[in-house]
Every structure is written in structure tokens, then in C-alpha cells.
Amino acid sequence: MRRFLVPVLASLLLLPACGTADTSATPAASGGVTPIKLQLQWFYQAQFAGYIAAVDQGFYKEQGLDVQLLEGGVDIVPQTVLAQGKADYAVAWVPKALASREQGAAITDVAQIFARSGTYQVAWKDSGITGPADFKGKKVGNWGFGNEFELFAGMTKAGLDPGKDVTLVQQQFDMQALLKKEIDAAQAMSYNEYAQLLEAKNPATGKLYTADDFTVIDWKTNGSAMLQDAVWANTAKLSDPAYQQQTVKFLAGTVKGWAYCRDNPESCRDMVVAKGSKLGKSHQLWQMNEVNKLIWPSAGGIGLINDADWKQTVDLSMTTKNQTGDTVLTKQPEGNAYSNDYIRQALDRAKAAGVDVTGAGFQAKTVTLNQGGA
């Protein structure tokens, strides 16, 4: 069985991944601060607020690191940037990154920041769609680029063939196709596109749509969820003690950044907006709140990789078929695909500094969205 095709620029992955072109694990001569590059998965938004806060609040500097955030985009594949040596770390979804590993990218998941999936498939309440089995004969939107794996896993579990039983529609990174009823079900992240629906005005009432207007299929409750945002490191460089210690320090700063955003969502919202995000303030606060739900509470500590969740992601990646019958992975990941060694040390480091790394008392907020997310 072949694998899903993901845009990993496979030919470029053949480049050596054992070092970076312009960064080093050795502290810079001026001030003894180590320059670090982190490749984000997408444009600046609250999905990455913990990293932004760790930079802005000086949490990385406390660890002796000068971290530069590299903004993502449609044509940027974080795990490829990392494997090419153009970044020291990258944020990427696990199944996408594992597909890249199978194609030659020497990368290791060193911190599973999002413990839960945030992917939805959303339909109009009056469509009669209540689960993936109801997609049969429908127009089903998805973004592609490896974002569709959970959707295809859900359809596979429901006994549907994505290549025959549904009409797949390439969806833009918004909800306009659903709002215009050009598709029957749309892909959405709980922290982003779903909010776009609730920020839109219902022309029949002149008021904003509400959750009662839609049916949400949440892959977490369907058994088709896969692990998402993780911090990936360069596998070959992890054999270097200096890079190992740098990784622990980087993760310690990251843990503190996310803990800060858990406790100060409005402050982190403002930092994200200040970074130039095109999404509005109410939308970013919604996103910050929903992202916090994917992280907290974390019984063992933020970033620890749960073996059962990892296994589910891998199993789904090996059994889920796309429209051409390909699977995400053709075999079990080989080598050092993930490690809890560095995040455990980072959690110990953060706890010693007084950081609450479990968020046992976390309570999500109720966020009011404004039209257009303003």
C-alpha cells in the first residue's frame, strides 16, 4: 500500500540534516546567548501563543536562548525546513511529520504540546448529517496538505471509500464554501475556522449564527483523532550533548510560555495581535481559549507524549485510505520517532522554577465573538 502524498519536497529531504546552516548549539560570543530558530506551522495566531509569549516575556532568554520565530504559510512545510537544517526546531502535526520521516526526514518529536485534536467537520444542522456515515453522496470539503487525515480516518471507520462514496472538494482555508452551501460539510479547527462561522451574520435574522445552526463532528469523540502540534528536533543532532541541553532549555522556556498563556489569555491574545495577525481580537481570544483546552489540564505535564495516543495516530496512519487507496504510512515509524527524555527534564526544570506544568485547576473561559472576529 502506498502512502498519502504530502508536500514535503521529498528531493530536498536528501540533504544532510545533521547541522544547521547558520545556527549552533554553542552560545554566541556576545552575551553567551544561543541563537535558535523555531519554524512555526502557520501564520502568526494564538495557535502559537505559547512560543510568542516565551519570546516576548523573556522566558527563552532566562534559559540563555535567543529564539527567532519563523512564520509559516501555505507553501512552508515545517518538518522539511527542520530536516534541511534551516531551523533548529519545528512545530508540526504528528501524522504529517511521520510521513516526512518515512520519506527521509530525520526528525524526532520531543514535546507533544497539543494533547488533543482540534479538528472538526461541520455541517448545517438541517442537512441531516450527524456523523461520517452521512457523508455518503455528499460534497465534503477538506484543505488537503495532510490536514485531511482525520477526516479520511473517520470515513474509513464508517465504511466509506473516499474515492467513491463522497465528492471531495478542495476547500479554501475559510468557511465560505459552507456558508454559501456549495459544500455539505467543511473542515474546521475548533480554534479557528469554526469560530469564523459564529462570527458570520445570518442574512435571515441579521444576527450572528450560533452553535445551534450547525452540527459538529469532533474526531476526538469519533475515535479518529490524531496527535497534532508537536515540537520536532533534528534526530542526528540529538546525539550531540550540547544540542540535548539546548533542547531541554528550549522546552523549559516553551513550557513556561504556554503556562503563561493559560493563566493570562488576554495578554497572550494581545501579543499575537501585535505580531500582525490578520485575525481580530475576539477571534484571537476565542482561539487562545480553545487552544488552551487542547493542552490543559495535563496530568503528567505539558508536552509528555502519551503512548496510547501515539499508537492510535500511527495505527490510523497505517490503515486510513485516501481517495486513491494510499495510506499515510506504509510501516511503523523507525528509529527515534519520539522521545520523552527532553520534555521530562524540561518539566523538572520548569517546576523547580515554580511553573505549574499540569494546570490541574484550568477552567476554560466563555468568549463572546464579534462579527468578523473584531
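Note that the structure is predicted; figures quoted are calculated from it, not measured.

**Re the pattern of salt bridges**
Side chains carrying opposite charge are able to pair once their charged atoms draw close together. What the rule picks out here adds up to twelve salt bridges. Its salt-bridge partner being K256, residue E62 comes within 3.0 Å of it at the nearest N-O pair. In this pair, E62 is assigned in helix α2 (residues 59–62) and K256 in helix α9 (residues 241–263), connecting sequence segments 194 residues apart. Here K256 falls in the partly exposed class, since its relative accessible area comes to 23%. Between K351 and D348 there is a salt bridge; the shortest N-O distance is 3.8 Å. Of this pair, K351 and D348 both sit in helix α13 (residues 341–352), three residues apart, which is roughly one turn of the helix. By relative accessible area, K351 is classed as partly exposed at 46%. Since its relative accessible area comes to 48%, D348 is described here as partly exposed. Each of R262, D263 and D356 takes part in a single network of salt bridges with overlapping partners.

**Comments concerning empty space enclosed by the protein**
Vacant regions in the atomic arrangement are exposed by a probe of water-molecule size rolled over the atoms. For the structure shown, the criterion picks out one cavity of 30 Å³ or more. Estimated volume of the largest cavity: approximately 30 Å³. Along the walls of the largest cavity sit W93, P95, G146, N147, F149, E150, M226, L227 and Q228, which together make up its complete lining. In terms of residue class, the lining of the largest cavity is built from five nonpolar, three polar and one charged.

**With respect to the nonpolar core**
L38, Y51, I113, V231, F250, L251 and W258 are the most contacted members of the largest nonpolar core, which totals 57 residues. Examining the composition of this core, we find that ten residues originate from one element, α9, more than from any other. Every residue in contact with Y51, bar those within four places of it in the chain, is listed here: L38, L40, Y60, L69, V91, I113, V231, T254 and W258. In this structure, A97, F149, I305 and A337 belong to the second largest nonpolar core, which totals 23 residues.

**Regarding the confidence of the model for the protein**
Averaged over all residues, the pLDDT of the protein equals 92, while 92% of them reach at least 70. Considering only residues more than four positions removed or in separate chains, one finds that residues 5–30, a stretch of pLDDT under 50, has 58 contacts.

**Digging into helix α5 (residues 149–157)**
For α5, the tally of buried residues reaches seven of nine residues, placing the bulk of the element in the interior. Looking only at α5, the buried set comprises F149, E150, L151, F152, A153, G154 and M155. Of the residues flanking the end of α5, it is G159, one or two places downstream, whose phi is positive at about 85°.

**Comments concerning the pairing of strand β6 (residues 139–142)**
In this sheet, strand β7 (residues 167–170) lies alongside β6 in parallel orientation, the contact comprising four bridges. Looking at β7, one finds that G141 is bridged to V169. Where the polypeptide runs from β6 across α5 and back to β7, its parallel neighbour, the crossover connection is right-handed.

**Here's the deal with the packing of helix α1 (residues 49–56) against helix α10 (residues 265–274)**
In contact at an axis separation of 9 Å, α1 and α10 are set at 85° when each is read in the N-to-C sense. Judged on the interaxial angle alone, α10 and α1 are roughly perpendicular. Facing α1, whose interface residues are A49, I52, A53 and D56, α10 presents C268, M271 and V272. Partitioning the contact of α1 with α10 into residue classes produces six nonpolar, no polar and one charged.

**Quick notes on the layout of surface pockets**
Here the largest pocket is characterised by a volume of approximately 690 Å³. In terms of lining, the largest pocket is formed by 32 residues, of which the most central are Q41, W42, F43, Q45 and F173. The residue inventory of the lining of the largest pocket, partitioned by class, reads 17 nonpolar, ten polar and five charged.

**Observations concerning the side chain of S317**
Mapping S317 onto the fold places it in helix α12 (residues 307–319). Its relative accessible area of 0% is what places S317 among the buried residues. When residues no more than four places from it in sequence are discounted, the contact partners of S317 are P95, M226, T327, V328 and L329.

**Some points on the packing of α9 against helix α11 (residues 281–295)**
Packing of α9 against α11 brings their axes to within 10 Å, and their N-to-C directions diverge by 125°. By the angle class used here, α9 and α11 are oblique. The element α9 and its partner α11 pack so that their crossing is left-handed. Residues W258, C261 and R262 of α9 touch α11, and the partners they reach there are M288, V291, N292 and I295.

**Structural notes on α11**
Spanning 15 residues, α11 covers 21 Å between terminal C-alpha atoms, matching the ideal 21 Å at 1.5 Å per step. Most of α11 is tucked away: 13 of the 15 residues are buried.

**Structural notes on the sheet that holds strand β10 (residues 230–234)**
Here we have five strands laid out as an open sheet, ordered β2-β1-β3-β10-β4, and mixed in their pairing. With one partner strand each, in any of the chains shown, β2 (65–70) and β4 (107–111) form the two edges of the open sheet. Neighbouring strand axes in the sheet, compared pairwise and without regard to direction, differ in orientation by 30° on average. In this sheet, β2 lies alongside strand β1 (residues 34–39) in parallel orientation, the contact comprising six bridges. Looking at the pairing, Q39 lines up with L70 of β2. Strand contacts of α1: β1, β2, β3 (89–92) and β10, with the helix running at about 140° to β2, the strand carrying the most contacts.

Scoring rules and cut-offs
- Residues numbered from 1 in each chain as written.
- Predicted model: local features only at pLDDT ≥ 70, side-chain atom pairs only at ≥ 80, totals over all residues.
- Heavy atoms only, no water.
- Salt bridge = Lys/Arg side-chain N within 4 Å of Asp/Glu carboxyl O.
- Helix = DSSP H or I, 4+ residues; strand = E, 2+ residues; numbered from the N terminus.
- Buried < 20%, exposed > 50% of the residue type's maximum accessible area, 1.4 Å probe, protein only.
- 1 Å grid on protein atoms, 1.4 Å probe; cavity = no way out; pocket = protein on both sides within 12 Å on 5 of 7 lines; lining within 4 Å.
- Points joined across faces, edges and corners; volume = space filled by probe spheres on them.
- Nonpolar A, V, L, I, M, F, W, Y, C, P; charged D, E, K, R; others polar.
- Core = buried A, V, L, I, M, F, W, Y, C linked by side-chain atoms within 4.5 Å.
- Contact = heavy atoms within 4.5 Å.
- pLDDT = per-residue confidence, 0-100.
- Pairing = 2+ DSSP bridges.
- Right-handed = clockwise from strand over helix to strand, strands pointing away.
- Axes fitted to C-alpha atoms, helices over the stretch in contact; angles between N-to-C directions.
- Parallel < 35°, antiparallel > 145°, perpendicular 65-115°, else oblique.
- Left-handed = near helix turned anticlockwise from the far one by under 90°.
- Expected span 1.5 Å × (residues − 1).

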